[in-house]
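What the coordinates show
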Amino acid sequence: MLKPALRLLACLMLFATGAFAADGGAGFATKAAQAYMIEATTGTVLLAKNEDQSFSPASLAKLMTMDLVFEALTKGQITLDTDYPVSEYAWRTGGAPSRTATMFASLKSRVRVEDLIKGVAIQGANDSCIILAEGMAGSEQQFAVSMTRRARELGMEKAEFGNSTGLPDGKSKVTAREMVTLAAALQQSYPNLYPYFAQPDFEWNKIFQRNRNPLLGLDLGADGLATGFTEGEGYSIVASVQRDGKRLFVALAGIASDKERTEEAKRVLEWGLTAFENRQIFGEKEVIGAASVYGGTARTVDLVAKAPVSVYIPISNPDRLSARIIYRWPLTAPVKPDTQAGTLRIFAGSRLLREVPLYTVQAVGEGSLSSRAVDAMLELGESLFFSWLWDKPAPV
């Protein structure tokens, strides 16, 4: 009789899905040099191309500035009515004299946090970013340190931020995967503040400006987030759409022109919205596999996910879906129930679609001296077997 973990592999190999290749997967290719797109509910990766290759964020860095501001608002450290002064540095570097994206804040005036948020989220205003950075941290340099620290907290291991605006500094860098992580965190952590990104326009100092996101008026369901441009690296965008019960996050970079950026983002998102369907693989509390236990009253413990496990899969271009359970073999008794003990990794071909934490179902007490001795003799042989089974490269 097959062990639960082996039954898992046999079961998943029956499912059909599409090829999720870096470029040209499922018959789809993107012009972007770096690309990453996920479906939010399941976390399924729909598109990945050089997703861990660093590039200069340009104005995409402003999303991290917004994350720090939203966090401070949520914690009650500031309010929407808190106001900050417009320093000469903020005015010259990011204001009217800079000839960059600006909300046209007046020198030596004071501006409310809510208006500064609108300046950043709607207009991509550099003066708004610097005013917030100086007001919250004392200096833009110190604020940038907090931006990089926050990036690490979100799991953005490569990201570096040298300022609050993304203006060229020779230091700032991000990846497409990291920008999707940040975009998803903004939408999921701050649902009451996230709608600022979708406001169509904003007027300040008697100057009216429309939202710089070119996707908002295209009937896609777009509701954020930001665009960027870096000399020598091209145009970039981080976007989110919600339509027909689906939410997608995408980051594209290294695109040749402003026009091509809009067209490519629209094409990629339309593909993500129409070429896939959601399919449940395991139900709630369904046993997915089992982990070996050393020195316990039982030699295995069942593993489950805390919610139904689904993936977002292509409607056509079938390929095989596979999975493996990863855990540190073996678990050592005693084992408590509802303890995270492993991870389920689901693949389409060689492409990792999603990872799901797995938790123990039952308790396993410490076994007798004789049972522990038997387990010790079995450990070497079985550990080599399971190491080969679960740690080998994903099926192609």
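What counts and what doesn't
Residues numbered from 1 in each chain as written. Predicted model: local features only at pLDDT ≥ 70, side-chain atom pairs only at ≥ 80, totals over all residues. Heavy atoms only, no water. UniProt positions renumbered as here; feature names shortened; annotations may be inferred. Helix = DSSP H or I, 4+ residues; strand = E, 2+ residues; numbered from the N terminus. Buried < 20%, exposed > 50% of the residue type's maximum accessible area, 1.4 Å probe, protein only. Areas by Shrake-Rupley, 256 points an atom, 1.4 Å probe, with all protein chains shown as cover. 1 Å grid on protein atoms, 1.4 Å probe; cavity = no way out; pocket = protein on both sides within 12 Å on 5 of 7 lines; lining within 4 Å. Points joined across faces, edges and corners; volume = space filled by probe spheres on them. Nonpolar A, V, L, I, M, F, W, Y, C, P; charged D, E, K, R; others polar. Domains from an automatic or database assignment. Polar contact = N/O pair within 3.5 Å; in protein donor to acceptor, adjacent residues only side chain to side chain. Contact = heavy atoms within 4.5 Å. Core = buried A, V, L, I, M, F, W, Y, C linked by side-chain atoms within 4.5 Å. Axes fitted to C-alpha atoms, helices over the stretch in contact; angles between N-to-C directions. Parallel < 35°, antiparallel > 145°, perpendicular 65-115°, else oblique. Left-handed = near helix turned anticlockwise from the far one by under 90°. Pairing = 2+ DSSP bridges. Phe/Tyr/Trp six-rings, centres within 6.5 Å; stacked < 30°, edge-to-face > 60°. Lys NZ or Arg CZ within 6 Å of the ring centre and 35° of its normal.

As annotated in an unreviewed UniProt entry, the protein chain carries the name serine-type D-Ala-D-Ala carboxypeptidase and comes from Rhizobium sophorae. In its Catalytic activity (unreviewed entry) section, UniProt records this for the protein chain: "Preferential cleavage: (Ac)2-L-Lys-D-Ala-|-D-Ala. Also transpeptidation of peptidyl-alanyl moieties that are N-acyl substituents of D-alanine." The Pathway (unreviewed entry) comment attached to the protein chain in UniProt states, word for word, "Cell wall biogenesis; peptidoglycan biosynthesis."

1. A closer look at the overall build of the protein chain
Along the backbone of the protein chain there are nine helices and 18 strands. Per-residue burial for the protein chain yields a buried fraction of 51% across its 396 residues. Accessible area of the protein chain: about 17,600 Å², with a carbon and sulfur share of 52%.

2. Regarding the layout of surface pockets
If you add up the space inside the largest pocket, you get close to 680 Å³. Lining of the largest pocket is provided by 37 residues; of these, Ala58, Ser59, Thr227, Gly228 and Phe229 occupy positions nearest its centre. When contributions to the lining of the largest pocket are tallied by element, the ones reaching two or more residues are α2 (62-74), α4 (113-123), β8 (222-230) and α8 (258-274). In terms of residue count, β8 provides more of the lining of the largest pocket than any other element does, six residues in total. In the lining of the largest pocket, the residues fall into 15 nonpolar, 15 polar and seven charged. In this structure, the second largest pocket encloses a volume near 330 Å³. Together, Tyr36, Ile38, Gly43, Val45, Glu51, Arg177, Thr181, Arg351, Leu352, Leu353, Arg354 and Glu355 line the second largest pocket. Contributions of two or more residues to the lining of the second largest pocket are made by β2 (34-39), α7 (176-189) and β18 (351-360). Looking at the lining of the second largest pocket, the element that brings in the most residues is β18, giving five residues. Among the residues making up the lining of the second largest pocket, the classes are represented as five nonpolar, two polar and five charged. Residue-level mapping places the lining of the second largest pocket at the junction of two domains, with at least three residues from each of domain 1 (34-276) and domain 2 (283-383).

3. Details of the side chain of Gln34
Examined against the element boundaries, Gln34 turns out to sit in strand β2. Polar side-chain contacts of Gln34 include one of 2.6 Å to the side chain of Gln53. For Gln34, the contacting residues outside a window of four places in its chain are Lys49, Asn50, Gln53, Phe55, Ala176, Ala251, Leu252, Ala253 and Gly254.

4. A closer look at the nonpolar core
Within the largest apolar cluster, 61 residues are counted, with the highest numbers of intra-cluster contacts made by Leu63, Phe70, Phe161 and Phe197. In this structure, Val309, Leu331, Leu353 and Val356 belong to the second largest nonpolar core, which totals 27 residues.

5. A short note on the packing of α4 against helix α5 (residues 126-137)
Running from amino to carboxyl end, α4 crosses α5 at an angle of 140 degrees, the nearest separation of the two axes being 8 Å. Viewed along their axes, α4 and α5 adopt a mutual orientation that is oblique. Seen from above, α4 lies across α5 with left-handed handedness. Residues Val113, Leu116, Gly119 and Val120 of α4 form the contact with α5, whose participating residues are Ser128, Cys129, Ile131 and Leu132.

6. Points about the environment of Ile117
Mapped onto the elements of the fold, Ile117 is located in helix α4. In sequence terms Ile117 and Thr65 are 52 residues apart; their C-alpha atoms lie 9.6 Å from each other. When near neighbours in sequence (up to four residues on either side) are disregarded, Ile117 contacts Met66, Val69, Phe70, Leu73, Leu80, Ile122 and Tyr196.

7. Points about the sheet that holds β2
With respect to topology, five strands assemble into an open sheet ordered β3-β2-β10-β9-β8, the strand pairing being antiparallel. Every other strand in the sheet has two partners, leaving β3 (45-49) and β8 as the edge strands with one partner each. Neighbour-to-neighbour, the strand axes of this sheet turn through a mean angle of 5 degrees, independent of strand direction. Bridging between β8 and strand β9 (residues 234-243) involves eight bridges; their strand directions are antiparallel. For Thr227, the partnering residue across the bridge sits in β9 and is Ile237.

8. Things to note about the packing of aromatic side chains
In total, this model carries eight aromatic pairs according to the counting rule given. Ring centres 5.5 Å apart and planes at 55 degrees place the aromatic pair Tyr194 and Phe197 in the tilted group. Exposure class is identical for Tyr194 and Phe197. Each is buried. Between Phe202 and Trp204 the ring centres are 6.3 Å apart and the planes differ by 20 degrees, which places this aromatic pair in the stacked class. On the basis of relative accessibility, which here comes to 8%, the residue Phe202 falls in the buried class. Through pairs of rings, three or more aromatic residues link up here, namely Phe28, Trp271, Phe276 and Tyr312. Geometry around Tyr359 places Lys306 over its ring, the cationic atom sitting 4.5 Å from the centre.

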